[in-house]
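# Overview (structure and organization)
Chain by chain, the residues run as shown.
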Amino acid sequence: MQPQTHTNSYYAATVNDVTDFAPLLGENSADVCVIGAGFTGISTALHLAERGYNVHVVEANKVGWGASGRNGGQMIGGIAGEENIAKHHGRDVEDVFGELRWAGHKIIRECVQKYRIECDLKFGYLDVAIKKRHLRDLEADYERLLKADFPHEFRLLSKSETQEAIGTDAYVGALLNMGNGHLHPLKMCVGEARAAVSLGTTVYERSPVLHIEHSGRPRVVTQQGSVTADAVVIAGNAYHDLDRKLRGVMFPVHSFIIATEPLSEDIVSTINPMDLAVCDPNFVLQYFRLSADKRLLFGGRINYFGDDPEIIKNNLRRKMLKIYPQLANIGIDYAWGGTIGVPITRVPQLGRVSPNVFYCQGYSGHGVNVTHLMGKILADAVAGTLEQFDLFADVKPFTVPGAHWLSKPMVALGMLYYQMRDRL
Ligand SMILES: Cc1cc2nc3c(=O)[nH]c(=O)nc-3n(C[C@H](O)[C@H](O)[C@H](O)COP(=O)(O)OP(=O)(O)OC[C@H]3O[C@@H](n4cnc5c(N)ncnc54)[C@H](O)[C@@H]3O)c2cc1C
């Protein structure tokens, strides 16, 4: 496994702080060793560092190299699979998940303020409805927010109000939620890594972990060094192959994003004057928002498993123009993709592979929020408080033998099925 630089994304091109942490060399010792410097790993490290733990983070490539530095930057509320978790525990979903649905947002907001992280954080989010049946779901979400006394502005928008908010007649209505939002994910991830380092954490880049020696004090081994720690956290999500048990329980699904050239003020004032992040309700969904320099970042899935920017551009541009035909003459400056971990049960997977080796993975495209909640839950677990950890860990993952290695045909078939369902 050769270390790689960032993918050629809008985020990598505009990140305000380019990291260059030294690789792991020689024998090292720590309280906790975290594998993977995405949101899960870095958030866990930061929570632990704030509590005084000596943490070493070992990253194969660069901080934020994986999904965390490539995603849509949409801060979505909720946790995929929450009904399954509540059902498993025989509890009411609202009782269990009421506040947890937005706990990650709170962590992000506080972290940005506390460590002064410049990551273009904005609040304002639109769940749009393509069909009448989606409106019923949005109405139910609205009622839920009402009941929960949600502390931020939220309201249902009619078709014409939706068109006014985002300059397209593609949707029949929407739910505006000013508690959700968006950010530059790579700036956020690097900012959090710097915060952890300021509290004594050591970060190694260009250091792929080859294996873990499981024992009383597990040892994390790379080509040129090792870290022996009281506890290890595996945070490689859809990108690692460190333990076979963690592979067949999740499909690695690819998602892609294009970034237009910066748009004129005139266009911005018609297509997104409130600077909202927008997401549709399909399983094979589309999502879009403006960047800080007013590009349209438009994301979605295409039936493709490679990373050729021209193929990504051509496919996603067609989808973007269905929503915004007025952008036909606008250039596309960046096109990239990344891998999302989608558990077969949709429930984020928390657990241990041995007594002191924890893992967390599989957020089904809702990771910006949920990784930050999981960082806290993993830090609690390492410190011995397991209540929230067990909430997730007790729901055993469903395994499909070969799900990882046969992922391309399986994912293609799965997507075909969901595309057909989305059309109903
Ligand atoms: C294109 C795209 C768009 C998305 N859009 C959104 C969105 O808008 N909103 C949202 O909430 N979620 C979104 N997601 C999902 C979200 O990005 C992820 O759920 C989240 O970033 C996962 O974070 P993570 O830290 O668990 O994994 P990652 O960020 O993937 O980090 C894993 C890290 O582990 C490292 N690693 C792997 N193996 C090893 C090893 N052997 N040794 C050392 N290091 C290793 C990798 O290099 C990587 O840096 C999107 C994902 C993609 C791909």
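For the structure given in this document, a descriptive report is provided here. Not measured: the values here are computed from a predicted model.

## Considerations on the overall build of the chain
Within the chain, the secondary structure is distributed over 13 helices and 17 strands. Over its C-alpha trace the chain gives a radius of gyration of 21 Å, about what one expects of a compact globule, namely 22 Å for 424 residues. Across its three principal axes, the chain shows a C-alpha extent of roughly 60 × 50 × 45 Å. Residues classed as buried in the chain amount to 56% of the 424 residues present. Within the chain, residue pairs in contact and separated by at least 24 positions form 76% of the contacts whose partners lie at least 6 positions apart. As displayed, the chain has an accessible area near 18,000 Å², and 51% of this comes from carbon and sulfur atoms. Measuring between centres, the 43 positive side-chain charges of the chain sit 5 Å from its 46 negative side-chain charges.

## Focus: the packing of helix 2 (residues 39-50) against helix 11 (residues 367-382)
Two elements in contact, helix 2 and helix 11, have axes whose closest approach is 8 Å; the angle formed by their N-to-C orientations is 45°. Taken together, the axes of helix 2 and helix 11 are oblique relative to one another. You can see that helix 2 and helix 11 cross each other, and the crossing is right-handed. In this structure, helix 2 uses Phe39, Thr40, Ser43, Thr44, His47 and Leu48 to contact helix 11, whose residues at the interface are Val368, Thr371, His372, Met374, Gly375, Lys376, Leu378, Ala379 and Val382. Taken together, the residues of the contact of helix 2 with helix 11 break down into 7 nonpolar, 7 polar and 1 charged.

## Some points on unusual backbone geometry
With a phi close to 50°, Arg116 is a non-glycine residue in the positive phi region. For Arg116, the location among the structural elements is in the loop between helix 5 (103-114) and strand 4 (122-129). Given a relative accessible area of 73%, Arg116 falls into the exposed group. Backbone geometry places Arg346, a non-glycine residue, at a positive phi of 70°. Within the fold, Arg346 resides in the loop between strand 15 (332-343) and strand 16 (349-354).

## Concerning the pairing of strand 2 (residues 55-58)
The two faces of strand 2 match: Val55 and Val57 on one face and His56 and Val58 on the other face are all buried. Tracing the backbone out of strand 1 (residues 26-35), into helix 2 and back to the parallel element strand 2 gives a crossover that is right-handed. Bridging between strand 2 and strand 7 (residues 202-204) involves 3 bridges; their strand directions are parallel. Of the residues in strand 7, the one forming a bridge with His56 is Thr202.

## Looking at the site of the ligand
As a matter of local geometry, the ligand sits amid 40 residues, with Thr40, Glu59, Ser68, Gln74 and Val368 nearest to it. Contact distances for the ligand include 3.0 Å between an oxygen atom and a side-chain N or O atom of Asn71. Within the side chain of Asn237, one N or O atom sits 3.3 Å away from an oxygen atom of the ligand. About the coverage of the ligand: the protein hides 98% of its 1,000 Å² of free accessible area. Elements that contribute at least two residues to the shell around the ligand include exactly helix 2, strand 15 and helix 11. Tallied by class, the residues present in the shell around the ligand amount to 17 nonpolar, 21 polar and 2 charged.

## Considering empty space enclosed by the protein
Summed over all chains, the structure comprises 1 cavity of 30 Å³ or more. Taken as a whole, the largest cavity holds about 30 Å³ of empty space. Considering the residues around the largest cavity, the lining is formed by His6, Thr7, Ser9, Ala12, Gly64, Trp65, Gly69, Arg70 and Leu186. Here the lining of the largest cavity is built from residues that sort into 3 nonpolar, 5 polar and 1 charged.

## Quick look at the nonpolar core
With 70 residues, the main nonpolar core has Phe97, Met188 and Phe392 as its most contacted residues. Ranked by residues supplied to this core, first place goes to helix 11 with 9 residues. When neighbours within four sequence positions are excluded, Met188 is seen to be in contact with Phe39, Ile108, Cys111, Val112, Ile117, Cys119, Leu183 and His372. Counting residues in each nonpolar core, the second largest holds 31 residues, with Leu276, Leu290, Leu296 and Phe298 among its members.

## Observations concerning the pattern of salt bridges
Evaluated as defined, the whole model comprises 22 salt bridges. Residue Asp20 pairs with Arg206 through a salt bridge whose shortest N-O separation is 3.0 Å. Here Asp20, found in the loop between helix 1 (10-14) and strand 1, pairs with Arg206, found in the loop between strand 7 and strand 8 (209-213); they are 186 residues apart in sequence, far enough to count as distant. Of the residues examined, Asp20 reaches a relative accessible area of 59% and is grouped as exposed.

## Details of the state of the cysteines
Scanning all chains against the criterion turns up 0 disulfides. Residue Cys360 stays outside any disulfide, its sulfur separated by 15 Å from that of Cys189, the closest cysteine.

## As for helix 8 (residues 185-198)
The end-to-end C-alpha separation of helix 8 is 20 Å, in line with the 20 Å expected for 14 residues at 1.5 Å each. Taking burial as the measure, the 14 residues of helix 8 include 11 buried ones, the bulk of the element. Of all the residues in helix 8, the buried ones are Pro185, Leu186, Lys187, Met188, Cys189, Val190, Gly191, Glu192, Ala193, Ala195 and Ala196. Buried positions along helix 8 lie against helix 1, helix 2, helix 5, strand 13 (286-290) and helix 11. Once helix 8 finishes, Gly200 follows within two positions and takes phi at roughly 105°, a positive value.

## What to know about helix 11
Helical geometry note: an α-helix holds 3.6 residues per turn, so side chains three or four residues apart project in the same direction. Here helix 11 is 16 residues long and its end C-alpha atoms lie 21 Å apart, about the 22 Å a rise of 1.5 Å per residue gives. Positive phi appears at Gly384, one or two residues downstream of helix 11, with a value of about 105°.

Parameters and conventions
The residue numbers shown here count from 1 along each chain, following its written sequence. Since the coordinates come from a predicted model, pLDDT governs what is reported: local features require at least 70, and pairs of side-chain atoms require 80 or more to be given and counted, while whole-chain, interface and lining totals use all residues. In computing side-chain values, all of the structure's heavy atoms are included and hydrogens and water are not. In DSSP terms, a helix is any run of H or I states spanning at least four residues, a strand is any run of E spanning at least two, and both are numbered starting from the N terminus. For the radius of gyration, the atoms used are the C-alpha atoms, and the globule rule reads 2.2 Å times the number of residues raised to 0.38. Buried means the residue's accessible area, taken with a 1.4 Å probe over protein chains only, is under 20% of the maximum for its type, while exposed means over 50%, and partly exposed covers the values in between. The contact rule is simple, with two residues in contact once any of their heavy atoms fall within 4.5 Å. Note on areas: these come from Shrake-Rupley sampling with a 1.4 Å probe, and a residue is covered only by the protein chains present in the view. In summary, the charge assignment counts Lys and Arg as positive and Asp and Glu as negative, without counting His or the chain termini. Note that the charge is assigned to NZ on lysines, CZ on arginines, CG on aspartates and CD on glutamates. Angles run from 0 to 180 degrees between N-to-C directions of axes, and those axes are lines fitted to C-alpha atoms, restricted for helices to the stretch in contact. Roughly parallel means an angle under 35 degrees; roughly antiparallel, over 145; roughly perpendicular, 65 to 115; everything else is oblique. We call a crossing left-handed when the near helix sits turned anticlockwise from the far one by less than a right angle, and right-handed when that turn is clockwise. When residue character is reported, Ala, Val, Leu, Ile, Met, Phe, Trp, Tyr, Cys and Pro are called nonpolar, Asp, Glu, Lys and Arg charged, and the others, Gly included, polar. Here is how to tell: hold the view so the strands point away, follow the path from the first strand over the helix to the second, and if it runs clockwise the crossover is right-handed. The rule for pairing is simple: two strands pair if DSSP sees at least two bridges between them. Note on definitions. A residue lies near a molecule or strand when any single heavy atom of the residue is within 4 Å of it. Distance and chemistry together define a polar contact, namely a pair of N or O atoms within 3.5 Å, with one atom able to donate a hydrogen and the other to accept it when in protein, and with adjacent residues in sequence counting only for side-chain atoms on both sides. In this analysis the probe radius is 1.4 Å and the grid spacing 1 Å, with only protein atoms considered; a cavity is a set of points the probe fits into but cannot get out of, a pocket is an open set with protein on both sides within 12 Å along at least five of seven lines, and lining residues have an atom within 4 Å of a point. Grid points are joined across faces, edges and corners, and a volume is the space filled by probe spheres set on the points. Only buried Ala, Val, Leu, Ile, Met, Phe, Trp, Tyr and Cys residues count toward a nonpolar core, and they belong to the same one when joined by side-chain atoms within 4.5 Å. The term salt bridge refers to a side-chain nitrogen of Lys or Arg lying within 4 Å of a carboxyl oxygen of Asp or Glu. Working definition: a disulfide is two cysteine sulfur atoms within 2.5 Å of each other. Expected helix span is given by 1.5 Å per residue-to-residue step, counting one fewer step than there are residues.

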